[in-house]
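Spelled out, the chains give:
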Amino acid sequence: MPLSFVFVGMITFNNLCLKHVSISFYMVVRSLTTVFNVVLTFIFFGEKTSHKALGCCGIIITGFLLGIDQEKGLGSLSLAGVFFGVSASLFVALNAIYTKKSLNFVENNIWKLTMYNNVNACIIFIPFILLFGEHNEIFSFPLLFDSFFWFTMVIGGVLGFSMGYVTSLQIQATSPLTHNVSGTAKAYAQTLLGVFYFNEIKTFLWWASNVFVLLGAALYSHVRNQEMKAKHRESLENPQKDAGIKNIENEEQITDSSQLKN
């Protein structure tokens, strides 16, 4: 159930963020997931992050702040969008942690986890719809009985379900660093498509903010990869410490995998 609440929060803040910011700026405003990784690692597991990894987070934060400054200069900055983006980053990080933990309760069955999570989310959304009066918007929506609208909604639902399944599968089947790299590449492609599709004109410093975010994320992945390799070598040289090393690596895998949907 905690995973479902986190999942609902992630979807809600993601959509609210997209409502207030452009697709091209979405990656930058959602770039703090890695930073929340570090914070949550300490909160949940008491694990301290190396100075090199913290330096990478500093590069990401620099890109985030520079991107906000450039969006403000272009007159397209939305403070609400920034708030929702930061909140979405937090929930994305939490979602990865609880997804990894919840797999143990469903015998590592991705289909079961995806089904339970989506069913729970549908139920959890109902009181929020009533609380914020969205049911009135639903009943007065002019396209409520439009067949094309429902056709596109079904396609969106299928794609959303598929993304959730593939995300969980990737967390289970690949290394967190592999997921981190693929998520970064996806986010950059999304930014490029957003700029070109909507014919947006961006400044040099705006592009620099994107480079800072991408560079920081890539360096963070590299640093964590080197640290995990070093611990693995140490476990081979000191077999008596192998069990403790494995526990630490399992905790790192949970927290490093939160670059999902970024």
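Residues numbered from 1 in each chain as written. Predicted model: local features only at pLDDT ≥ 70, side-chain atom pairs only at ≥ 80, totals over all residues. Heavy atoms only, no water.

> Looking at this model, I keep getting lost on the overall build of the protein. Mind explaining?
In terms of regular secondary structure, the protein is built from 11 helices and zero strands. For the protein, the N- to C-terminal ordering of α and β elements is α-α-α-α-α-α-α-α-α-α-α. By the burial criterion, 42% of the 262 residues in the protein qualify as buried. Within the protein, counting contacts between residues at least 6 apart in sequence, those at least 24 apart form 82% of the total. A total accessible area of about 14,300 Å² is found for the protein, and carbon and sulfur atoms account for 70% of it. (Helix = DSSP H or I, 4+ residues; strand = E, 2+ residues; numbered from the N terminus. Buried < 20%, exposed > 50% of the residue type's maximum accessible area, 1.4 Å probe, protein only. Contact = heavy atoms within 4.5 Å. Areas by Shrake-Rupley, 256 points an atom, 1.4 Å probe, with all protein chains shown as cover.)

> What exactly am I supposed to notice about the packing of helix H1 (residues 2-20) against helix H5 (residues 79-102) here?
Angle between the axes and distance between the axes are the two parameters that describe a pair of packed helices. As a packed pair, H1 and H5 sit with axes 8 Å apart at the nearest point and diverge in direction by 155 degrees. With respect to each other, H1 and H5 are oriented roughly antiparallel. With respect to the hand of their crossing, H1 and H5 are arranged in left-handed fashion. Of the residues in the contact of H1 with H5, the class split is 15 nonpolar, nine polar and no charged. (Axes fitted to C-alpha atoms, helices over the stretch in contact; angles between N-to-C directions. Parallel < 35°, antiparallel > 145°, perpendicular 65-115°, else oblique. Left-handed = near helix turned anticlockwise from the far one by under 90°. Nonpolar A, V, L, I, M, F, W, Y, C, P; charged D, E, K, R; others polar.)

> Just to check I follow, could you spell out the pattern of salt bridges for this structure?
Where charged atoms from two side chains of opposite charge approach closely, those side chains can pair. By the definition in use, this model includes three salt bridges. Of the charged contacts in the structure, one is a salt bridge between Lys-202 and Glu-200, with a shortest N-O distance of 3.6 Å. Two residues, Arg-224 and Glu-227, come together in a salt bridge whose shortest N-O distance is 3.3 Å. Pair noted here: Arg-224 and Glu-227 are both in helix H10 (residues 204-237), with a separation of three residues, about one helical turn. By relative accessible area, which is 3% here, Arg-224 ends up buried. Within this structure, Glu-71, Glu-200 and Lys-202 form a network of salt bridges that share partners. (Salt bridge = Lys/Arg side-chain N within 4 Å of Asp/Glu carboxyl O.)

> Help me understand the nonpolar core in this model?
For soluble globular proteins, nonpolar side chains are generally found buried alongside one another. Core analysis: the biggest nonpolar cluster contains 33 residues, and Cys-17, Val-21, Phe-25, Met-27, Val-29, Phe-64 and Tyr-220 have the highest contact counts within it. At the level of elements, H1, helix H2 (23-29), helix H3 (33-45), helix H4 (51-73), H5, helix H9 (176-197) and H10 are the ones that each hand at least two residues to this core. Aside from chain neighbours lying at most four places away, what touches Phe-64 is Val-28, Val-29, Ser-31, Leu-32, Val-82, Val-86 and Val-213. (Core = buried A, V, L, I, M, F, W, Y, C linked by side-chain atoms within 4.5 Å.)

> Which parts of the structure should I look at to understand the packing of H3 against H4?
Two elements in contact, H3 and H4, have axes whose closest approach is 9 Å; the angle formed by their N-to-C orientations is 145 degrees. In terms of crossing hand, the pair formed by H3 and H4 is left-handed. Across from Thr-34, Val-35 and Val-38 in H3, the residues of H4 making contact are Leu-54, Cys-57, Ile-60 and Ile-61. In terms of residue class, the contact of H3 with H4 is made up of six nonpolar, one polar and no charged.

> Would you mind showing me how to read the packing of aromatic side chains here?
Two descriptors summarise a pair of aromatic rings, namely the distance from one centre to the other and the angle between the planes of the rings. Tallying each qualifying case throughout the model produces eight aromatic pairs. Taken together through their ring pairs, the aromatic side chains of Phe-13, Phe-83, Phe-84 and Phe-91 make up a single cluster. (Phe/Tyr/Trp six-rings, centres within 6.5 Å; stacked < 30°, edge-to-face > 60°.)

> I'm lost on the confidence of the model for the protein in this one. Help?
Interpretation of the predicted coordinates at a detailed level should be avoided for regions scoring low in pLDDT. Confidence in the prediction of the protein, expressed as mean pLDDT, is 79, and 85% of residues score 70 or more. Put simply, helix H11 (residues 242-256) is where the protein has its lowest mean pLDDT, 51, and H1 is where it has its highest, 87. (pLDDT = per-residue confidence, 0-100.)

> What am I meant to see in unusual backbone geometry here?
The general pattern is negative phi for most residues beyond glycine and trans for most peptide bonds. Residues other than glycine seldom take positive phi values, yet Asn-199 does so here, at roughly 50 degrees. For Asn-199, the location among the structural elements is in the loop between H9 and H10. Residue class for Asn-199 comes out exposed when judged on its relative accessible area of 65%.

> I tried to follow the state of the cysteines on my own but got confused; where do I start?
Across all of its chains, the model carries zero disulfides by this definition. Note on Cys-57: no disulfide assigned, nearest cysteine sulfur contributed by Cys-56 at a separation of 6.9 Å. (Disulfide = S-S within 2.5 Å.)

> Explain the environment of Thr-12 here, please?
Along the chain, Thr-12 falls in helix H1. Separated by 113 residues in sequence, Thr-12 and Phe-125 place their C-alpha atoms 9.5 Å apart. A polar atom in the side chain of Thr-12 sits 2.7 Å from the backbone oxygen of Val-8. (Polar contact = N/O pair within 3.5 Å; in protein donor to acceptor, adjacent residues only side chain to side chain.)

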